[in-house]
Amino acid sequence: MSTLNEVGERDAWRCWLCDEPVDPDASVNSARGPSVDSGASPKSKKAAAAVQRLAHRACNTRKGSVKPVVPWSPDLFVVEPAPIVTTVERLTRKGGREVVARCPSRAEAEKAAVWLVDRLSRFAPELAVATQVEAGGGQFLLVLRAV
Ligand SMILES: [Zn+2]
């Protein structure tokens, strides 16, 4: 199927939902096989219909008609992390800035910032963002800003 190959190539054979590699040679009927996810882009409704993303079949199925769940990395030390999908939608729509997580140290916050920007470069490539770490209340706030 040419669409699958085109979308797979463009997304570098990486699932946009779980961020894990997708095997292009796996059966499309297997859970870890490739599938094309359509119409769930956080961008505007008009453009969403045209945006297709590569996903594992299982990730795509689990998503169903509800919003995709994009998990924060378990390697990060973040307290009360914001839901990534909702935050991206809001920043895309309204711009501005949001506190997306609180961290116990500046180093942890910087690490989370680097991870988040990298993750968003694949999940929401159309949204340009910058991060900022701010000290407050004995913790460090990770701020995500639309630019
Ligand atoms: Zn996946």
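Residues numbered from 1 in each chain as written. Predicted model: local features only at pLDDT ≥ 70, side-chain atom pairs only at ≥ 80, totals over all residues. Heavy atoms only, no water.

Here P34 shows up in strand β1 (residues 34-38). In contact with P34, other than residues within four places in its own chain, are L4, W13, V22, D23, P24, A26, S27, V28, L54 and A55. (Helix = DSSP H or I, 4+ residues; strand = E, 2+ residues; numbered from the N terminus. Contact = heavy atoms within 4.5 Å.)

The zinc ion binds to the protein through C15 (SG), C18 (SG), H56 (ND1) and C59 (SG); the donor distances cover 2.1 to 2.4 Å. The coordination sphere of the zinc ion comprises 4 donor atoms, whose angles at the metal cover 97 to 119°; the geometry is tetrahedral. The sequence motif formed by the donor residues of the zinc ion is C-x2-C-x37-H-x2-C. One exposure class covers both H56 and C59, and it is buried. (Donors = N, O, S within 2.8 Å, 3.2 Å for Na, K, Ca; no water. Tetrahedral: all angles 85-135°; square planar, octahedral: opposite > 155°, others 65-115°. Buried < 20%, exposed > 50% of the residue type's maximum accessible area, 1.4 Å probe, protein only.)

Attention now goes to the confidence of the model for the protein chain. Looking at the protein chain as a whole, the pLDDT averages 88, with 88% of positions reaching at least 70. Looking at the elements of the protein chain, mean pLDDT is at its lowest for helix α2 (residues 45-48), recorded as 49, and at its highest for strand β5 (residues 139-146), recorded as 97. (pLDDT = per-residue confidence, 0-100.)

A word on the pairing of β5. Bridge analysis of strand β3 (residues 97-103) against β5 gives 6 bridges, and the strand direction is antiparallel. Among the inter-strand pairings, A101 is bridged to a residue of β5, identified as L142. Where strand β4 (residues 129-136) hands over to β5, the hairpin turn is made up of 2 residues, of which G137 adopts a positive phi near 60°. (Pairing = 2+ DSSP bridges.)

What follows is about the environment of F123. Mapped onto the secondary structure, F123 falls in helix α5 (residues 106-123). C-alpha of F123 to C-alpha of V70: the two residues are 53 residues apart in sequence and 8.7 Å apart in space.

Across its 18 residues, α5 extends 25 Å between first and last C-alpha, which sits within 8% of the 26 Å expected from 1.5 Å per residue. Buried residues of α5: A109, A112, A113, W115, L116, R119, L120 and F123, and no others. Against the buried residues of α5 lie β2 (52-56), α4 (84-94), β3, β4 and β5. (Expected span 1.5 Å × (residues − 1).)

Moving on to the nonpolar core. Counting 36 residues, the largest nonpolar core has W72, I84, L116, L120, F123 and L142 as its most contacted members. The set of elements that each furnish at least two residues to this core consists of α1 (2-10), β2, α4, β3, α5, β4 and β5. Among the elements that take part in this core, α5 stands out by supplying 7 residues, more than any other. Not counting the four nearest positions on each side in its chain, L116 is found in contact with W72, I84, V100, L142 and L144. (Core = buried A, V, L, I, M, F, W, Y, C linked by side-chain atoms within 4.5 Å.)

What follows deals with unusual backbone geometry. At D19, a position not held by glycine, the phi torsion is positive, near 70°. The class of D19 is buried, set by a relative accessible area of 14%. The backbone phi angle of E80 is positive, close to 45°, even though this residue is not glycine. Classification of E80 as exposed rests on a relative accessible area of 61%.

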